[in-house]
Amino acid sequence: MKIPLHKPFWGVKAEAAVIHAMRTGVGTADGPESALMREKLKQITKAKFAIPVTSCTHAMEAAVACLGAKTGDEVIVPSFTLASTATAAMVRGATPVFADIDPIHFSLDPQDVMRRITKRTVGIMTVHYAGFAGGYFDELMALAKKAGIWVVEDAAHCIGAQYKHKALGTFGVAGALSFHGTKNVAAGEGGSILTNSRALSDAMEIFRSIGTDRMAFLAGKVSAYSWVGEGSSFMLSDILAALVNIQLDQIDRINKDRNQIASEYTKAFQSFAGKIQLPIVPKGMTQPNWHIYALKFANVSMREAFVKAMRAKHIEVSTHYMPLHASPMGKRLAGARMRLPVTEDVAATLVRMPIYAGMSKTEREYVVLTARKTLQAL
Ligand SMILES: Cc1ncc(COP(=O)(O)O)c(C=O)c1O
């Protein structure tokens with residue numbers, strides 16, 4: 001048996017939705033499926049504005065650009081993330097400043113963030129790792145408020161996740177969702193901006209539409225559209241929007257399956273507490289979406305042995321993330337001597353387990369059995 005790390009929840013309904021969009025759509029972005037996607041996302045997240053875009057990376061770029069970040073400004077970002085979080089901060093010449101994470105939920109550590117705030121800091125990009133608001137999220141938001149700086153949520157992992165009954169991605173001035181092929185809702189590529197600010201939403205609509213007031217034209221507010229500002233082309237194809245929409249309709253089922261797998265894993269692995277740290281749902285996560293199920297090993301050699309053994313049994317597990325501050329680009333920004341002890345430890349010892357909606361009982365049992373045997377032998 002071969003078990004992938006992730007698998008999109010694409011069945012006949014998804015295929016039919018794509019074919020329908022191809023046969024009936026306008027063959028461009030911002031057609032009927034994109035309009036529907038806005039409404040579905042607004043309903044799920046309760047955000048005032050949901051703007052379909054080509055990726056979470058682009059959602060963050062649009063937000064940072066429209067918040068006015070510029071050369072000389074600093075934006076605090078985690079190092080334990082994909083390069084997107086940092087590159088988005090850099091879109092208008094701002095400098096990303098790396099901060100450490102907490103060792104339990106792997107989200108920004110507010111104490112470390114505080115130490116890195118300078119006169120030049122304009123904002124924080126926070127990642128909700130695995131779809132969890134880390135245990136210090138309230139503290140981080142309070143800190144940003146006190147410092148008078150914005151928070152953009154990198155909510156790439158978060159579709160369907162709620163903290164204190166509120167969707168992740170709707171706490172900051174803007175949030176960015178991902179519908180990349182590995183996500184709970186997968187369209188190959190795709191994303192959405194979420195915001196409750198009309199002014200920011202208006203600015204981002206223009207930015208993602210090549211600096212034109214195309215959306216105002218489509219809404220009948222102007223008789224022709226023209227070039228009105230700076231921008232780029234981040235408009236999502238209606239065909240991909242159709243693929244997102246059909247999965248948004250199934251989001252409860254998708255996340256219920258993932259919850260089930262997570263609870264089976266936790267039950268099966270909790271007796272190995274000395275060797276691994278299990279994921280803990282942070283307090284206040286009223287609706288987790290289990291985008292990632294990660295085990296943190298007691299040391300690097302145990303992690304390597306586990307990964308090797310699982311792969312030998314054709315179970316795809318993966319490590320996560322290569323710390324940005326230790327990458328060639330990160331070193332150019334932060335200096336080769338920068339140390340983020342928690343980030344470095346987590347990155348060296350974490351393993352992501354397979355988790356996807358529709359994972360069969362046989363597949364789940366095979367993973368659990370193989371992982372338990374491997375853990376016993378470590
Ligand atoms: C934390 C984080 N941010 C951003 C992204 C980028 O998302 P996208 O591929 O939609 O740009 C990812 C993708 O995996 C991610 O894990």
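Residues numbered from 1 in each chain as written. Predicted model: local features only at pLDDT ≥ 70, side-chain atom pairs only at ≥ 80, totals over all residues.

K.L.:
Is there a simple way to think about the packing of helix α3 (residues 56–66) against helix α7 (residues 198–208) in this case?
P.N.:
Across the interface, α3 lies against α7 with an axial gap of 9 Å and an inter-helix angle of 120°. With respect to α7, the axis of α3 lies oblique. For the pair α3 and α7, the crossing hand works out as right-handed. Contacts from Ala-62, Ala-63, Ala-65 and Cys-66 in α3 reach Leu-200, Ala-203, Met-204, Phe-207 and Arg-208 in α7. Residue classes in the contact of α3 with α7 are distributed as eight nonpolar, no polar and one charged. (Axes fitted to C-alpha atoms, helices over the stretch in contact; angles between N-to-C directions. Helix = DSSP H or I, 4+ residues; strand = E, 2+ residues; numbered from the N terminus. Parallel < 35°, antiparallel > 145°, perpendicular 65-115°, else oblique. Left-handed = near helix turned anticlockwise from the far one by under 90°. Contact = placed C-beta atoms within 7 Å. Nonpolar A, V, L, I, M, F, W, Y, C, P; charged D, E, K, R; others polar.)

K.L.:
Got a minute to help me understand helix α6 (residues 137–147) in this structure?
P.N.:
Owing to its 3.6 residues per turn, the α-helix aligns residues three or four sequence positions apart on the same side. Among the residues making up α6, those that are buried are Phe-137, Leu-140 and Ala-144. Down the axis, α6 shows its buried residues gathered within 60° of arc, on one side only. Exposed and facing more than 90 degrees away from the buried side of α6 are Ala-142, Lys-145 and Lys-146. Residues of α6 that are buried sit in contact with α5 (110–116), β4 (121–127), β5 (150–155) and β6 (162–163). Gly-148 lies just past α6 and shows a positive phi near 70°. (Buried ≥ 20, exposed ≤ 12 C-beta atoms within 10 Å, placed from the backbone. Arc of directions from axis to C-beta.)

K.L.:
Just to check I follow, could you spell out the domain arrangement of the protein chain for this structure?
P.N.:
In many analyses, interface size is given as the accessible surface area lost on bringing the parts together. Under the domain assignment used here, the protein chain contains domain 1 (12–248) and domain 2 (251–377). Each partner contributes residues to the interface: domain 1 has 37 residues there, and domain 2 has 33 residues. Broken down by secondary-structure element, the contributors of at least two residues to the side of domain 1 that touches domain 2 are α4 (83–89), β3 (95–99), β6 and α9 (238–248). Looking at the side of domain 1 that touches domain 2 residue by residue, the classes come out as 20 nonpolar, 13 polar and four charged. (Domains from an automatic or database assignment.)

K.L.:
So what exactly am I meant to see when it comes to the nonpolar core here?
P.N.:
Generally speaking, a soluble globular protein has its nonpolar side chains buried in company with each other. Core analysis: the largest hydrophobic core is formed by 118 residues, its most contacted members being Ala-62, Ala-63, Ala-176 and Ile-193. Two domains each put at least three residues into this core: domain 1 (12–248) and domain 2 (251–377). Once you skip the residues sitting within four places of it in the chain, Ala-176 turns out to touch Cys-56, Ala-59, Met-60, Ala-63, Glu-153, Asp-154, Ala-155, Ala-156, Gly-169, Gly-191 and Ile-193. (Core = buried A, V, L, I, M, F, W, Y, C linked by C-beta atoms within 7 Å.)

K.L.:
Please explain the pairing of β4 as it appears in this structure.
P.N.:
Consecutive residues of a regular strand have side chains that alternate between opposite faces of the sheet. Within β4, seven of the seven residues are buried, which leaves the element mostly enclosed by the surrounding structure. In terms of strand pairing, strand β2 (residues 74–78) meets β4 through three bridges, oriented parallel. Following the sheet pairing, Val-75 is matched in β4 by Gly-123. Where β4 meets β5, five bridges bridge the pair, whose relative direction is parallel. Following the sheet pairing, Thr-126 is matched in β5 by Glu-153. The handedness of the β4 to β5 crossover, carried by α6, is right-handed. (Pairing = 2+ DSSP bridges. Right-handed = clockwise from strand over helix to strand, strands pointing away.)

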